[in-house]
Amino acid sequence: MTMEKRLMLTRRQFVSQSITSGTALAWARNASGGDPPERPVTQAIRDGEPFDAEVIDAHAHFSGFLEGGKLPPGVKTLFRAMDRCGINLSVFSNSSAIGAPDVEGFRAGNEAAIAAMKKYPGRLLAYLVFQPHFVDASLAMAERILEPGPGPAGFKLHGVAHHYPVDGEGYRRAYQFAHEHKLPVLFHVKSSHGAETPTLRNEPLPVVLSRVLSEFSGMRLIIAHYGRGIDDWAGFTANHPNAFMETAASGVPFRVLERTVATAGPGRILFGSDSTYLSPGAQLAKIAFADIGEEAKKQILASNARRVFGKSIAASKA
């Protein structure tokens, strides 16, 4: 194709002609009639159109408290992002509960999260923040998970923000509760600036978490942000049947998802956006354009989350 002719094409026409011949032939075979083919995730995003795949975001946030019976603006922002990007359900925590300086603020943040998920059943599912410095309040709040009807799915732990040892007694109380009730736990173990959740005896964090997962085998641990160590945590996940990773990250090395899939397997990775801190569209694109199979993308986008969160997702739509 000459440059002159290429310039005459619309952007969408040019992108459409740039797809692989195998995909193009598959579409051609269906052009004569019958049900339309299932659109590959990559092609749908290239065309700026919805793709035929469910999306469950395993790591989202909003901030603020319930005031005057109205949800804070953060929920609306989260919803706009979800709808724009085709995210069916977000599992989220309230950032106010993570950063609350006192028990009252901690409780209020978690209560706002519960109120939001009950107001929007089937679209939002809450993690309760477990604050190891407020153990009694955290355990009292955890009882809300066991109440009849739709309730929170599990815990969000932030060892960096709370600067609390991963093997400290406060966190062990969270692990025990999650183990007994087979709950997922999203754990922010390391931050992009290098800060890491401490351990009691300065042992390597993966070594300590290995013991935790062996002892509390009913808990399903989700390592947030690829663990920030990327390849090291992929091997960790592969070695523990109750460990998973989620994909939210503001910057990741080239082909990291491909390497993670090769090491940990596509069934151990959950899609996460970290919305509304990060742009969910950019996070989705990382999955869509990864050099992995279509079935692996769909596992990461939703079916793995359905397995990890199980009854909580079904109950959230009740």
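*Asks:* Please clarify how the overall build of the protein chain should be interpreted in this entry.
*Replies:* The helix and strand inventory of the protein chain stands at 16 helices and eight strands. Going through the 318 residues of the protein chain one by one, you find that 53% of them count as buried. Contacts spanning at least 24 positions in sequence make up 73% of the contacts within the protein chain whose residues lie at least 6 apart. Of the accessible surface of the protein chain, which amounts to about 14300 Å², a share of 54% is contributed by carbon and sulfur atoms.

*Asks:* Got a minute to help me understand the side chain of D274 in this structure?
*Replies:* Mapped onto the fold, D274 is located in the loop between β8 (269-270) and α14 (280-288). Residue contacts for D274: discarding those within four places in its chain leaves H59, H61, H225 and A248.

*Asks:* What am I meant to see in the pairing of strand β5 (residues 184-188) here?
*Replies:* A regular strand places its side chains on the two faces of the sheet in alternate fashion. Judged by how many residues are buried, β5 sits mostly within the fold: five of five residues are covered. Burial along β5 is two-sided: P184, L186 and H188 facing one way and V185 and F187 facing the other are all buried. Strand direction decides the pairing type here: strand β4 (residues 154-158) and β5, joined by four bridges, are parallel. Within β5, the position partnered with K156 by the bridge is L186. Pairing of β5 with strand β6 (residues 220-223), which is carried by four bridges, proceeds in the parallel orientation. Looking at the pairing, V185 lines up with L221 of β6.

*Asks:* What's the story with the nonpolar core in this structure? I'm lost.
*Replies:* Note on soluble globular proteins: their nonpolar side chains tend to be buried together. Core analysis: the largest hydrophobic core is formed by 85 residues, its most contacted members being F155, L209 and F309. Here this core takes seven residues from helix α15 (residues 294-309), the largest share from any one element. Residues within four places of F309 in sequence aside, it is in contact with A58, V91, L125, Y127, A153, P184, R220, I222 and L270. Residues A97, I98, A100 and F106 belong to the second largest nonpolar core, which totals seven residues.

*Asks:* For this particular structure, what's the right way to read the sheet that holds β5?
*Replies:* The pairing of strands in a sheet happens through backbone hydrogen bonds and is either parallel or antiparallel. Strand order in this open sheet of eight strands is β1-β2-β3-β4-β5-β6-β7-β8, and the pairing throughout is parallel. Lying at the two open borders of the sheet, with one neighbouring strand each, are β1 (56-62) and β8. Where strand β3 (residues 124-129) meets β4, three bridges bridge the pair, whose relative direction is parallel. By the bridge assignment for β4, L128 is matched with F155.

*Asks:* It is not clear to me how the pattern of salt bridges should be interpreted in this structure. Could you clarify?
*Replies:* Where charged atoms of side chains with opposite charge meet at close range, the side chains can pair. All told, the structure shown has nine salt bridges when counted by the stated rule. In this structure, the salt-bridge partner of R123 is D83, at a minimum N-O distance of 3.0 Å. Of this pair, R123 sits in the loop between α7 (103-119) and β3 while D83 is found in helix α5 (residues 73-85), placing the two residues 40 residues apart along the sequence. Looking at R123, the relative accessible area reads 23%, which means it is partly exposed. If you follow the salt bridges from partner to partner, you end up with E111, R144 and E147 in one network.

*Asks:* Looking at this model, I keep getting lost on the packing of aromatic side chains. Mind explaining?
*Replies:* What describes a pair of aromatic rings is the distance from one ring centre to the other and the angle between the planes of the rings. Per the stated rule, a full pass over the model turns up eleven aromatic pairs. Aromatic pair F130 and F155: ring centres 5.2 Å apart, planes at 65 degrees, arrangement edge-to-face. Separated by 25 residues along the polypeptide, F130 in the loop between β3 and α8 (135-142) and F155 in strand β4 bring together distant segments of the chain. For the pair shown, F130 and F155 are each scored as buried. Summarising the aromatic geometry, the rings of Y175 and F216 are spaced 5.7 Å apart at their centres and angled 50 degrees between planes, so their arrangement reads as tilted.

*Asks:* Explain the environment of S191 to me, please; I cannot follow it from the model alone.
*Replies:* Counting through the fold element by element, S191 comes out in the loop between β5 and α11 (205-215). The spatial distance from the C-alpha of S191 to the C-alpha of A161 is 9.1 Å, given a sequence separation of 30 residues.

*Asks:* I keep staring at the environment of D167 and nothing clicks. Help me out?
*Replies:* Along the chain, D167 falls in the loop between α9 (159-162) and α10 (169-181). Residues D167 and L205, 38 residues apart in the sequence, show an inter-C-alpha distance of 9.4 Å. Residues within four places of D167 in sequence aside, it is in contact with R172, T199, L200, R201 and V208. Reaching out from D167, the side chain makes a polar contact with the backbone nitrogen of L200 at a distance of 2.9 Å.

*Asks:* Please clarify how the packing of α14 against α15 should be interpreted in this entry.
*Replies:* The angle between the axes and the distance between the axes are what describe a pair of packed helices. Taken N-terminus to C-terminus, the directions of α14 and α15 make an angle of 145 degrees; their axes are 9 Å apart at the nearest point. When α14 is examined against α15, the residues L284, I287 and A288 are found in contact with a partner set consisting of K297, I300 and L301. Residues of the contact of α14 with α15, tallied by class, amount to five nonpolar, no polar and one charged.

What counts, and where the lines are drawn
- Residues numbered from 1 in each chain as written.
- Predicted model: local features only at pLDDT ≥ 70, side-chain atom pairs only at ≥ 80, totals over all residues.
- Heavy atoms only, no water.
- Helix = DSSP H or I, 4+ residues; strand = E, 2+ residues; numbered from the N terminus.
- Buried < 20%, exposed > 50% of the residue type's maximum accessible area, 1.4 Å probe, protein only.
- Contact = heavy atoms within 4.5 Å.
- Areas by Shrake-Rupley, 256 points an atom, 1.4 Å probe, with all protein chains shown as cover.
- Pairing = 2+ DSSP bridges.
- Core = buried A, V, L, I, M, F, W, Y, C linked by side-chain atoms within 4.5 Å.
- Salt bridge = Lys/Arg side-chain N within 4 Å of Asp/Glu carboxyl O.
- Phe/Tyr/Trp six-rings, centres within 6.5 Å; stacked < 30°, edge-to-face > 60°.
- Polar contact = N/O pair within 3.5 Å; in protein donor to acceptor, adjacent residues only side chain to side chain.
- Axes fitted to C-alpha atoms, helices over the stretch in contact; angles between N-to-C directions.
- Nonpolar A, V, L, I, M, F, W, Y, C, P; charged D, E, K, R; others polar.

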